[in-house]
Amino acid sequence: MLSDRIGRITPSATLAMTAKAAKLRATGIDVINLSVGEPDFATPENIRIAGKLAIDNGHTRYTPGGGTMDLKKAVTKKLLRDNNLKYDTSEILISCGGKHSLYNACQTLFQTGDEVIIFSPYWVSFPDFVSVTGATPVFVNTDPSQQYEPVMDDLRTKITSRTKGIIINSPSNPTGGVWGDETVLTVLELAEEANAWVFSDECYEQLTYDRTYISTAMLGENTERILTFQSCSKTYAMTGWRIGYTAGNKQVIKAMGKLQGQSTSCPNSIAQMAAIEALTGDQSEVSQMRNVFKKRRDYIVGRLNNMVGVNCDTPGGAFYVFPDFSSYMGIDYKIKSSNDLSMYLLEQKAVVTVAGIAFGSDSNVRFSYAASEDDLKRAMDLVEESLTELK
Ligand code: PLP
């Protein structure tokens, strides 16, 4: 009955965990949810006001399919201010979140017979975005001790004449890894040799803790085949507003807009008005949130590394840690996989995490530290307790 296309997609593991947590909470259990992929802060007040004003001022109708000209202008200003990137409004597409932008781009550029490089561990949606187009995801290994930068020898062997795209996601979900500029440059050079498109998913670009983030398109000499994806979601605690955008090649942007126009008509008109305020208004809350996240990162990394047999490399960005629990897993143990461990933490301790297997790595579990200090402390105490029980 259903199309082959739908058979190629798997449900989002992160959303599934969030649903499980909600179910448990509904039974009255005090659940600590560290599976979330969104800031635990409220959208800043100036942005909320802009949204309310948009409604009162009648910005409640369809907008142009690829977003309003005012928001596109705000995006070009933001890209210049924060990333030193110069784009014309004709090179910008506004979508219903960065996810929608990435989906549209995959649909626009990839098809059966193509191969697309994805670095593992990867964000859960990348393989599905690629598979649904008929193209084949090709996974490249990364080095956990080096911010999950690619193992270059593996990348070189995986690039073939069919490689049509390479997806970079730094800072990364799930690892929080932030690649060095030299590494990005090497990937760009290899992509250029292969004539492949580079997707740079920069939705966590404002969340780096140890160094200033440099956008991929700033590093490359030839930016014609680099598409930059950013989002209001994580930077401005606006996940539910659903505004993200793509910057890049005019022809691709136009084609993506055509697809979007025939699927969603346009991004939400009210959210677009709020996004203009987010991108061009007061930015002080962005750095406040960043400072809070950095403190939490240091706390959670410290706690995890103090647990016997756990290894957690310090991620440079995003709001996730991806510790290795392999010393607790194996055929002779009660815990055989990351799913087992994640389920154990959920069922025995009401701590919600996401099993690493969802991101392509069965030795790890993803913890989000977009949670209060109190929740993080209680969760770490409970994880420590479970590991003692499991040894
Ligand atoms: N890219 C990555 C790596 C993400 O983690 C997410 C959200 O979790 C997105 C893109 C999409 O975010 P949004 O659609 O809310 O902009």
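Scoring rules and cut-offs
Residues numbered from 1 in each chain as written. Predicted model: local features only at pLDDT ≥ 70, side-chain atom pairs only at ≥ 80, totals over all residues. Heavy atoms only, no water. Near = heavy atom within 4 Å. Polar contact = N/O pair within 3.5 Å; in protein donor to acceptor, adjacent residues only side chain to side chain. Areas by Shrake-Rupley, 256 points an atom, 1.4 Å probe, with all protein chains shown as cover. Helix = DSSP H or I, 4+ residues; strand = E, 2+ residues; numbered from the N terminus. Nonpolar A, V, L, I, M, F, W, Y, C, P; charged D, E, K, R; others polar. Pairing = 2+ DSSP bridges. Axes fitted to C-alpha atoms, helices over the stretch in contact; angles between N-to-C directions. Contact = heavy atoms within 4.5 Å. Core = buried A, V, L, I, M, F, W, Y, C linked by side-chain atoms within 4.5 Å. Buried < 20%, exposed > 50% of the residue type's maximum accessible area, 1.4 Å probe, protein only. Phe/Tyr/Trp six-rings, centres within 6.5 Å; stacked < 30°, edge-to-face > 60°. Right-handed = clockwise from strand over helix to strand, strands pointing away. Domains from an automatic or database assignment. Buried area = accessible area lost by both parts, 1.4 Å probe. Salt bridge = Lys/Arg side-chain N within 4 Å of Asp/Glu carboxyl O.

## Here we look at the site of the ligand
Taken together, 14 residues are adjacent to the ligand, and Gly98, Asp201, Ser231, Ser233 and Lys234 come closest. Between the ligand and Asp201, the relevant distance is 2.5 Å, taken from a nitrogen atom to a side-chain nitrogen or oxygen of the residue. Between Ser233 and the ligand, the recorded distance is 2.6 Å, taken from a side-chain N or O atom to an oxygen atom. Protein contacts shield 92% of the accessible area of the ligand, which totals 390 Å² for the unbound molecule. It is helix α5 (residues 98-109) that provides the largest number of residues to the shell around the ligand, a total of three residues. Here the residues of the shell around the ligand sort into four nonpolar, six polar and four charged.

## Points about the sheet that holds strand β2 (residues 92-95)
In spatial order, the strands read β2-β10-β9-β8-β7-β3-β4; together these seven strands make up an open sheet with mixed pairing. Whereas interior strands pair on both sides, the edge strands pair on one side only; in this sheet they are β2 and β4 (136-140). Between one strand and the next, the sheet's axes are offset by a mean angle of 20°, whatever the strand orientation. In the sheet, strand β3 (residues 115-119) pairs with strand β7 (residues 163-168) via four bridges, with the strands oriented parallel. Residue pairing for β7: Glu115 is matched across the bridge by Thr163. Against the sheet, helix α8 (residues 181-194) contacts β3, β7, β8 (197-201) and β9 (226-231), and its axis sits at roughly 165° relative to β7.

## Regarding the nonpolar core
Counting 42 residues, the largest nonpolar core has Leu71, Phe119 and Leu155 as its most contacted members. Counting residues per element, this core draws most heavily on helix α11 (residues 269-280), which supplies six residues. Residues in contact with Leu155, not counting those within four places in the same chain, are Ile117, Phe119, Val140, Val187 and Leu190. Formed by 38 residues, the second largest nonpolar core is a distinct cluster that contains Ala237, Val310, Val365 and Leu376.

## What to know about the packing of aromatic side chains
Under the counting rule described, the total for this entry stands at 16 aromatic pairs. Between the aromatic rings of Phe199 and Phe229, the centroid separation amounts to 5.2 Å while the plane-to-plane angle is 50°, which identifies the pairing as tilted. With Phe199 in strand β8 and Phe229 in strand β9, this pair connects stretches of sequence that are 30 residues apart. Among the aromatic side chains, those forming a connected cluster through ring pairs are Phe41, Tyr204, Phe293, Phe319, Tyr320 and Tyr369.

## A few points about the pairing of β7
In terms of burial, β7 is largely enclosed, as five of its six residues are buried. In this view, the connection linking β7 to its parallel neighbour β8 by way of α8 has right-handed handedness.

## Brief notes about the domain arrangement of the protein
Each assigned domain of the protein is listed here: domain 1 (4-42 + 285-390) and domain 2 (45-280). If you average the C-alpha positions of domain 1 and of domain 2, the two centres end up 25 Å apart. Each partner contributes residues to the interface: domain 1 has 35 residues there, and domain 2 has 35 residues. Taken together, both faces of the contact between domain 1 and domain 2 bury some 2,800 Å²; the carbon and sulfur share is 55%. Our count for the domain 1 to domain 2 interface comes out at one salt bridge. With its nearest N and O atoms 2.8 Å apart, the salt bridge here joins Arg297 to Asp210. Run the count over domain 1 and domain 2 and you get 17 residue pairs in polar contact (both at pLDDT 80 or more).

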